[in-house]
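The residues making up each chain are set out below.
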Amino acid sequence: MAKSTLRKITMAVLAPAMAIGATVGLASAPASAAVWSSCDQWGNTTLNGYTLYNNIWGSGAGAQCIWANSGTNWGVNANHPNTGGIKSYPNSKKVINKSITSLGSLSSSYNVTVPSSGAYNTSYDIWDTDYDYEIMLWVNKTGAVGPLGTSQGNLTLGGHTWTVYKGNNGANEVFSFVRTSNSSSGTVNILPILKWIKDTKGWFGNETIGDVQFGFEITSSSGGLDFAANNLTVSSS
């Protein structure tokens, strides 16, 4: 599915600067009090090295509230209408700022609870520092959602088997790795995937990896659905 230029700008510029953005409706927070929560469109905070974004960026969006107990344990309640187009990408971000060849390791472990209805994907969104390239790793998906671009076939790498897609959204190149079966927990070895793109395919050079984001790309969640990252860690050396 095509990525909007607005989303790139939102993550790179607007979200850090607009923490007091307009409130978009009301949605429920978890029953127990969280360390932080926000229903603001661009609501964001930093907790123990991770930056959390509510990030309601798509047109026709409904209500969404994000909560967090830490940078690695957070979730959202989202009530977006059953219409086409991505409404939001609530996520947590870890900044890497290392070139691919200078990285000794880059990996992440995830454990999520996601609804059985709606339309969304759970994905990593990895960017170079210039935002020329977007690498998406979809670990699960539900409903009428799909990646941008054309299939390049299947690949087993980084601990998972993916169908790889290559496309362009008009602003940047997009490489999407869609897991061939849904997963709610696991570990992804990200560095071999970046090296495969660079060395085996030659789709980019020795890029400096800026952000590793993980979240829920939500197209529809009518009636209010809960998404939770029970545990999400990103580590590099």
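Keep in mind that this is a model prediction, so the values were computed, not measured. Residue indices begin from 1 for each chain and proceed along its sequence in written order. Reporting of local features is limited, given that this is a predicted model, to residues whose pLDDT is at least 70; pairs of side-chain atoms are given and counted only at 80 or more, and all residues count toward the totals for whole chains, interfaces and linings. Calculated side-chain values reflect all of the structure's heavy atoms, with hydrogen atoms and water omitted.

Asks: How would you sum up the overall build of the protein chain? Please name residues and give values.
Replies: Each helix is a run of DSSP H or I of at least 4 residues and each strand a run of E of at least 2, with the numbering of both proceeding from the N terminus. Within the protein chain one finds two helices and 15 strands. Taking as baseline every contact in the protein chain between residues at least 6 positions apart, the subset at least 24 positions apart corresponds to 68%. In these tables, accessible area is a Shrake-Rupley quantity obtained with a 1.4 Å probe, and a residue counts as shielded only by the protein chains included in the view. Accessible surface, the protein chain: about 8800 Å² in total, of which carbon and sulfur atoms supply 48%. By definition in these notes, contact holds between two residues if any of their heavy atoms fall within 4.5 Å.

Asks: So what's going on with the pattern of salt bridges? Residues and values would help.
Replies: Between side chains of opposite charge, a pair can form when the charged atoms approach closely. Salt bridges are defined as contacts in which a side-chain nitrogen from Lys or Arg sits within 4 Å of a carboxyl oxygen from Asp or Glu. All chains considered together, the criterion is met by two salt bridges. For aspartate 211, the salt bridge identified is with lysine 93, shortest N-O distance 3.9 Å. In this pair, aspartate 211 is assigned in strand 14 (residues 208-220) and lysine 93 in strand 6 (residues 91-99), connecting sequence segments 118 residues apart. By relative accessible area, aspartate 211 is classed as buried at 7%. Exposed residues in this analysis have more than 50% of their type's maximum accessible area, buried residues have under 20%, and partly exposed residues fall in between, with area computed by a 1.4 Å probe over protein chains only.

Asks: I'd like a rundown of the sheet that holds strand 1 (residues 36-38), residues and numbers included.
Replies: Here, a strand pair is defined by DSSP locating no fewer than two bridges between the strands. Reading across from one edge, 1-4-5-15-7-13 is the order of the six strands in this open sheet, with antiparallel pairing throughout. Of all the strands in the sheet, just strand 1 and strand 13 (185-189) have a single pairing partner and so form its edges. Averaged over all adjacent pairs, the angle separating strand axes in this sheet is 20 degrees, with direction ignored. Pairing of strand 4 (residues 63-70) with strand 5 (residues 73-79), which is carried by seven bridges, proceeds in the antiparallel orientation. Bridging across to strand 5, alanine 68 finds its partner in tryptophan 74. Orientation is described by axes fitted as lines to C-alpha atoms, over the contacting stretch for helices, and by angles from 0 to 180 degrees between their N-to-C directions.

Asks: Just give me the short version of the pairing of strand 10 (residues 150-157), but keep the residues and values in it.
Replies: Alignment of strand 10 against strand 11 (residues 160-168), held across seven bridges, turns out to be antiparallel. Opposite leucine 155, over in strand 11, you have tryptophan 162 as the bridge partner.

Asks: So what about the nonpolar core? Which residues, and what values?
Replies: Nonpolar side chains tend to gather and get buried jointly when the protein is soluble and globular. Working definition of a nonpolar core: buried Ala, Val, Leu, Ile, Met, Phe, Trp, Tyr and Cys residues. They are joined through side-chain atoms within 4.5 Å. In this structure, Leu106, Tyr124, Ile135, Leu137, Phe177, Ile197 and Val212 are the most contacted members of the largest nonpolar core, which totals 46 residues. It is helix 2 (residues 190-201) that contributes the most residues to this core, six residues altogether. Leave out the neighbours within four places in its chain, and valine 212 touches Ser92, Lys93, Lys94, Ile96, Leu106, Tyr124, Asp125, Ile126, Ile190 and Val234. Within the second largest apolar cluster, five residues are counted, among which are Ala119, Trp138, Val145 and Val178.

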